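# Summary of the model geometry
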Amino acid sequence: MYFSSDSWGKFMPVHMHSDLMGMDEDELSSILKRLNINLHLHFENEKDKEINVKYMKDLLEGLRKMPVLNPKTGEQDHVDINLVEKIIVDPEYLKDMKTNKEIKLDIKLAGEKSSNSVHLSVLNENQGIQETESISLQTFEEMLFEAIHENKDQKLEEVKSFKEIVSILINRAVDNSRENKNQLLAWFSHDYVLDNGIGIIRDMKTDQEIGTFESIKYAFDLHDSVCNIDGILLYGRSFSDLKEKDRFDFSFYSIKHKKIFTFLANKSSHISTLENKSTASIERFKFLSGHFYEDHQYYQMIVEAESEKDLIKDIKQVHPLYASQMERFRKSRLLILEKSKQKQKQKKLTSQFSDIEIDF
């Protein structure tokens, strides 16, 4: 027998019925139905029917043991720790950013008698994901009390303290997958921000780097994805140019994660720009990634450029030093593109000379 957590807020009718033993099958079934509990049992005769009635009475008596504070008496029952694992909590979902596949995370509860605690886990066995947090029995009782009494239609997973623990576990799973498995996951309907590093915009047709940006925020849901690019500085291109699909890639060189996050717009994408705010957004983006270690040719350049962000962090346009600081900031971004251009010229020269045959 399993019952979903959306039944917690409806447990009061069970506790208000003191004479369960005097009820018939229809009355017992009615209570169970209100609690969102469905029994799939088949009975062929009166004896089986008696067994059915006894089973339902035993079940409802068991539910009496779950923690419900009676507002009239002020008395609180305690969790029957054997029933904790029967609670069904709605799953959460992750997106594998590389494969674009969805990963289901089951959320499980288990009672631990020896420590008088409840283990809350998020897991996906096929992906090797399992993160667990231990909650004291008293804390878990308080969560259930809130689910039952604060809002009659509230699920356990909607209780703030419960949600916070689930959030910690899922973020831990995302971080561990990135660090230990080189797997880039994102939690659905959760905003991720990359800002410790610098972004570079490249024209894929001309193989030229034509702009920089300061941060990028991205998110996924079940059917869509969107990234918002902020702090764009362009050189030799316009914001209207950025709307061309299959033309530009937006790569963020993350010092924190030691990875390159690349966002692209393909034919199914929608691109919008706001020149006055120096921003662009891509709906339904395509994603690629790579390593960004200390030996990368851009690493030191990106670290130095990142330090220049402090120049304009808190300075306002009315400040007397704004113009000079902004000019210095722009030069630091232009330097990235100049160095890139020099590397491209050197690469072309090397390629040209490698094709020349010299006879002696």
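What counts, and where the lines are drawn
- Residues numbered from 1 in each chain as written.
- Predicted model: local features only at pLDDT ≥ 70, side-chain atom pairs only at ≥ 80, totals over all residues.
- Heavy atoms only, no water.
- Helix = DSSP H or I, 4+ residues; strand = E, 2+ residues; numbered from the N terminus.
- Contact = heavy atoms within 4.5 Å.
- Areas by Shrake-Rupley, 256 points an atom, 1.4 Å probe, with all protein chains shown as cover.
- Salt bridge = Lys/Arg side-chain N within 4 Å of Asp/Glu carboxyl O.
- Buried < 20%, exposed > 50% of the residue type's maximum accessible area, 1.4 Å probe, protein only.
- Arc of directions from axis to C-beta.
- Expected span 1.5 Å × (residues − 1).
- Pairing = 2+ DSSP bridges.
- Axes fitted to C-alpha atoms, helices over the stretch in contact; angles between N-to-C directions.
- Lys, Arg positive; Asp, Glu negative; His and termini not counted.
- Polar contact = N/O pair within 3.5 Å; in protein donor to acceptor, adjacent residues only side chain to side chain.
- Phe/Tyr/Trp six-rings, centres within 6.5 Å; stacked < 30°, edge-to-face > 60°.

## A word on the overall build of the protein
- Within the protein one finds seven helices and 18 strands.
- Within the protein, counting contacts between residues at least 6 apart in sequence, those at least 24 apart form 60% of the total.
- Carbon and sulfur atoms form 47% of the exposed surface of the protein, whose accessible area is close to 20800 Å².

## Points about the pattern of salt bridges
- Tallied over the entire structure, the rule returns 19 salt bridges.
- Across the pair Glu-244 and Arg-247 runs a salt bridge whose closest N-O atoms are separated by 3.3 Å.
- Here Arg-247 falls in the buried class, since its relative accessible area comes to 16%.
- Members of the salt-bridge network, linked through shared partners, are Asp-203, Lys-205, Arg-237, Glu-244 and Arg-247.

## Section: helix α6 (residues 299-307)
- All of the buried residues along α6 are Tyr-299, Met-301, Ile-302, Ala-305 and Glu-306. Angular distribution of buried residues about the axis of α6 spans 160 degrees; they occupy a single face of the element.

## A look at unusual backbone geometry
- The phi torsion at Asn-116 lies on the positive side, around 55 degrees, for a residue other than glycine.
- Relative to the helices and strands, Asn-116 resides in the loop between β4 (102-112) and β5 (117-124).
- What makes Asn-116 partly exposed here is its relative accessible area of 46%.
- In this structure, Lys-258 is a non-glycine residue whose phi angle is positive, near 55 degrees.
- Turning to its location among the elements, Lys-258 is positioned in the loop between β14 (248-254) and β15 (259-264).
- The exposure class of Lys-258 is partly exposed, given its relative accessible area of 28%.

## Section: helix α5 (residues 160-181)
- For α5, spanning 22 residues, the distance from its first C-alpha to its last is 31 Å, which sits close to the expected 32 Å at 1.5 Å a residue.
- Those residues of α5 that fall on the buried side of the exposure criterion are Phe-162, Ile-165, Val-166, Leu-169, Ile-170, Ala-173, Val-174, Ser-177 and Arg-178.
- Looking one or two residues beyond α5, the residue adopting positive phi is Asn-182, at roughly 55 degrees.

## Regarding the sheet that holds strand β17 (residues 279-283)
- Taking strand neighbours across the sheet as the criterion, the five strands line up as β8-β11-β12-β17-β16 in an open arrangement whose pairing is antiparallel. Two strands close off the open sheet at either side, each with one partner strand: β8 (192-194) and β16 (270-274). Across the sheet, the mean angle from the axis of one strand to that of its neighbour is 15 degrees, orientation sign disregarded.
- Sheet topology places β16 next to β17; five bridges connect them, and they run antiparallel. Pairing of Leu-274 across the sheet is with Thr-279, part of β17.

## Brief notes about the side chain of Glu-157
- Checked against the element boundaries, Glu-157 lands in the loop between α4 (137-149) and α5.
- No salt bridge is formed by the buried Glu-157; its nearest oppositely charged neighbour, Lys-155, is found at 4.6 Å.
- Separated by 3.0 Å, the side chain of Glu-157 and the backbone nitrogen of Asp-90 make a polar contact.

## Structural notes on the pairing of β5
- Counting buried residues in β5 gives seven out of eight residues, a clear majority hidden from the surface.
- With seven bridges joining them, β4 and β5 adopt antiparallel strand pairing. Residue pairing in the sheet places Leu-109 in a bridge with Leu-120 of β5.
- Counting the residues between successive antiparallel strands, the hairpin from β4 to β5 contains four residues, one of them, Asn-116, with a positive phi of roughly 55 degrees.
- Pairing between β5 and strand β6 (residues 129-136): eight bridges, direction antiparallel. Looking at the pairing, Val-118 lines up with Ile-135 of β6.
- Connecting the antiparallel pair β5 and β6 is a turn made up of four residues, with Gly-128 showing a positive phi of about 70 degrees.

## Observations concerning the side chain of Ser-225
- Of note, Ser-225 is situated in strand β12 (residues 225-230).
- Reaching out from Ser-225, the side chain makes a polar contact with the backbone nitrogen of Phe-285 at a distance of 3.3 Å.
- For Ser-225, the residues in contact, after removing those within four places along its chain, are Ala-219, Phe-220, Ile-282, Glu-283, Arg-284 and Phe-285.

## What to know about the packing of aromatic side chains
- Taken as a whole and judged by the stated rule, the model has 13 aromatic pairs.
- Plain terms: the ring middles of Tyr-253 and Tyr-298 are 5.7 Å apart, the flat faces sit at 55 degrees to each other, and that makes the pair tilted. Within this pair, whereas Tyr-253 is found in strand β14, its partner Tyr-298 is found in the loop between β18 (286-291) and α6, the two being separated by 45 residues in sequence. The two residues Tyr-253 and Tyr-298 agree in class, both being buried.
- Joined through ring pairs, the aromatic side chains of Tyr-192, Tyr-218, Phe-220, Phe-261, Phe-263, Phe-285 and Phe-287 make up one cluster.

## Brief notes about the sheet that holds β4
- Here five strands make up an open sheet; going across it, the order is β6-β5-β4-β3-β7 and the pairing antiparallel. Looking at which strands have only one partner, the edges of the open sheet turn out to be β6 and β7 (185-187). For this sheet, the mean inter-axis angle between neighbouring strands, taken without regard to orientation, is 25 degrees.
- The pairing of strand β3 (residues 92-96) with β7 spans three bridges and is antiparallel. The residue of β7 that forms the bridge with Asp-96 is Leu-185.
- Against the sheet, α5 engages β3, β4, β5, β6 and β7, with an angle of about 150 degrees to β6.

Read these as geometric descriptors, not functional statements.
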